[in-house]
Amino acid sequence: MRWAVPAATIALIAGAIGAGPVIAAVQGDPVLPERTAEQLLASAAQAGRAGLKPMSGTVMQTASLGLPGLPEVPGMGGSSPVALLSGSHELKVWYGGADKVRFALPGRMSETDLITNGDQVWLWQSDENKATRVKAGSGKQGEEAARAHEALPTATTPQQLAQQLLRRVGADTVVSVSNTEKVADRAAYQLAFAPKDPSSLVKEVKLALDGETLVPLRVQVYARSAAEPAFEVGFTSVTFSPPAAENFAFTPPAGAKVEETSLAELLKERRPEPGEGFENAEKLRGEVGTVGEGWTTVAVIPVSEQELTGQGSGQGEGPSGAGIGAIGDALLKSAKPISGTWGSGKVIQTKLISALLTDDGRLLVGAVTPEKLSEAAGRK
């Protein structure tokens, strides 16, 4: 459960309930035909069902959530879930079809590449000089390839985030549209989604759609307390043409360590289970619940302070475990005491996310005010 805070925060951001430097949007004269929000949403949904067109580009992902200073986590660089919580991260993408996909995550003097080419899936980690071939079970190669990107938690694209967002737009949202945006030097429509509920910490979410292909080019999540995005992912450059075949070709370099593993094992290695250190992670995941809906959804996770800080039995073993425990400890040091009819605990609020750790062993996380978390604690 030492992964609880970063994992829950990422889930909320990726669900567009929750969302430094900003990827600039250049205002200009309208260059696209006028469309209503309803027309644009319908066209975007139709384009999404038709599938992504061949393309390549560079994505910049930036988070400025207002978290307290977090310690470095040994062995967990730019491709870890914790990396999503602060700073800027670059991702290079090549998409030639469902069976030809490549992600590249540049790091400090290193690069991590995930390459899918037909029935071949490779993970290359230059800092370890290690190439891992991901083997598939019988008849599951297509499924394995489609899910392989999950091994890189920071490999978030505007398309992935937009899909989550569009599924959540409902009666609790005010929607508007403009056609004067320019993203990655391409004319774009911009949809703005604003929650009606004042207990949400989200002021609005802006989704830029390419004016020609309607492919999502950028998602920005604004907090009520800030003028700049608290979370943003968007293309800084993009080309809608088939990438060269050489981008998907990979042969382990001479002298590299070559391993073979299954997708399940790779995901476990790259994204440790929230229940790491517990004997029954599946049972634990089944106990995670939610309170509320839409923009004010609150995730409820069974976890104690000892587990969160790595002090429980079997916790904190190994460098990653100790690192995550240190992050949990740093977050709790900035927390404030809180109490209600449900009992007492500690609460922390950032620009976009609030988290409440109760003394009875629950962690509540949401893009809502601490008061809303306290209300949710009394309902669960």
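Under an unreviewed UniProt entry, the protein chain has the name Outer membrane lipoprotein carrier protein LolA and belongs to Streptosporangium amethystogenes subsp. fukuiense.

Draft legend 1. How the structure looks around the pattern of salt bridges. With the rule as written, the count across this model stands at twelve salt bridges. With its nearest N and O atoms 3.1 Å apart, the salt bridge here joins Arg 186 to Glu 212. Pair noted here: Arg 186 is in strand 8 (residues 186-195) and Glu 212 is in the loop between strand 9 (202-210) and strand 10 (216-223), with a separation of 26 residues, a long-range link. Given a relative accessible area of 66%, Glu 212 falls into the exposed group.

Draft legend 2. Expanded view of the environment of Met 60. Mapped onto the fold, Met 60 is located in strand 1 (residues 55-64). Residue classification places Met 60 among the partly exposed residues on the basis of a relative accessible area of 23%. For the pair Met 60 and Ser 88, spaced 28 residues apart in sequence, the C-alpha to C-alpha distance is 6.8 Å.

Draft legend 3. Fine view of the environment of Ala 230. Within the secondary structure, Ala 230 sits in strand 11 (residues 229-239). In this structure the C-alpha to C-alpha distance between Ala 230 and Thr 350, which are 120 residues apart in sequence, comes to 9.7 Å.

Draft legend 4. The arrangement of the pairing of strand 7 (residues 173-183) in detail. In the sheet, strand 7 pairs with strand 8 via nine bridges, with the strands oriented antiparallel. Looking at strand 8, one finds that Glu 181 is bridged to Ala 188. Counted along the chain from strand 7 to the antiparallel partner strand 8, the turn is two residues long, and its residue Ala 184 has a positive phi close to 50 degrees.

Draft legend 5. Looking closely at the confidence of the model for the protein chain. Scored by pLDDT, the protein chain comes out at a mean of 76, with 69% of its residues at no less than 70. Predicted confidence for residues 313-322 stays below pLDDT 50, and this span has 18 contacts to residues more than four positions away or in other chains.

Draft legend 6. Spotlight on the sheet that holds strand 14 (residues 298-302). Reading across the sheet, the six strands line up as 13-14-18-17-16-15 and stay open at both edges, with antiparallel pairing between neighbours. Sheet topology places strand 13 (289-291) and strand 15 (336-340) at the edges, where each strand pairs with a single neighbour. On average, adjacent strands in this sheet sit at an angle of 30 degrees to one another, irrespective of strand direction. Bridge count between strand 13 and strand 14: three bridges; the pairing is antiparallel. Within strand 14, the position partnered with Thr 290 by the bridge is Ala 299.

What counts, and at which threshold
Residues numbered from 1 in each chain as written. Predicted model: local features only at pLDDT ≥ 70, side-chain atom pairs only at ≥ 80, totals over all residues. Heavy atoms only, no water. Salt bridge = Lys/Arg side-chain N within 4 Å of Asp/Glu carboxyl O. Helix = DSSP H or I, 4+ residues; strand = E, 2+ residues; numbered from the N terminus. Buried < 20%, exposed > 50% of the residue type's maximum accessible area, 1.4 Å probe, protein only. Pairing = 2+ DSSP bridges. pLDDT = per-residue confidence, 0-100. Contact = heavy atoms within 4.5 Å. Axes fitted to C-alpha atoms, helices over the stretch in contact; angles between N-to-C directions.

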